[in-house]
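Each chain, written out:
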Amino acid sequence: MTHNDIVPKLWNLCDVLRDDGINDSDYVTELVMLLFIKMEHDMVEAEVLKPAKSRRRSTNTAGGES
């Protein structure tokens, strides 16, 4: 997703939030949360789609071995 894709989507979300009665200072917080959730979703989705061999190993292994 490029900058040119994100900006119109964010403004559309701003319009929706404003129409629902959320003021300007509050919807910045809402948009940051939505962006964070989207980034986390994309990262998890990318991790799931990787072959098991190339996935990162957990640093919390039983017995302290890595």
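Residues numbered from 1 in each chain as written. Predicted model: local features only at pLDDT ≥ 70, side-chain atom pairs only at ≥ 80, totals over all residues. Heavy atoms only, no water.

### Observations regarding the packing of helix H1 (residues 3-19) against helix H2 (residues 24-49)
For step 1, the next point in the chain: Contact geometry of H1 with H2 gives a least axis separation of 10 Å together with a crossing angle of 130 degrees. As the angle between them shows, H1 and H2 are arranged oblique. Between H1 and H2 lies a crossing whose hand is right-handed. For the pair formed by H1 and H2, the contact residues are Leu-10, Leu-13, Cys-14, Leu-17 and Arg-18 on the first element and Asp-24, Tyr-27, Glu-30, Leu-31, Leu-34 and Leu-35 on the second.
For step 2, the next point in the chain: Split by residue class, the contact of H1 with H2 holds 8 nonpolar, no polar and 3 charged. (Axes fitted to C-alpha atoms, helices over the stretch in contact; angles between N-to-C directions. Helix = DSSP H or I, 4+ residues; strand = E, 2+ residues; numbered from the N terminus. Parallel < 35°, antiparallel > 145°, perpendicular 65-115°, else oblique. Left-handed = near helix turned anticlockwise from the far one by under 90°. Contact = heavy atoms within 4.5 Å. Nonpolar A, V, L, I, M, F, W, Y, C, P; charged D, E, K, R; others polar.)

### Remarks on the environment of Leu-17
For step 1, the next point in the chain: Along the chain, the position of Leu-17 falls in helix H1.
For step 2, the next point in the chain: With 11 residues separating them in the primary sequence, Leu-17 and Val-28 have C-alpha atoms 9.8 Å apart.
For step 3, the next point in the chain: Sequence-distant contacts of Leu-17, defined by excluding residues within four places in its chain, comprise Ile-22, Tyr-27, Glu-30 and Leu-31.

### Details of the pattern of salt bridges
For step 1, the next point in the chain: Applying the stated criterion across every chain yields a total of 2 salt bridges.
For step 2, the next point in the chain: The partner of Arg-18 in a salt bridge is Asp-15, and the shortest N-O contact between them spans 3.1 Å. One end of the pair is Arg-18 and the other is Asp-15, both in helix H1 and 3 residues apart, which spans about a single turn.
For step 3, the next point in the chain: Note on Arg-18: relative accessible area 37%, which makes it partly exposed.
For step 4, the next point in the chain: Here Lys-38 and Asp-42 are joined by a salt bridge, their closest N and O atoms 3.0 Å apart. (Salt bridge = Lys/Arg side-chain N within 4 Å of Asp/Glu carboxyl O. Buried < 20%, exposed > 50% of the residue type's maximum accessible area, 1.4 Å probe, protein only.)

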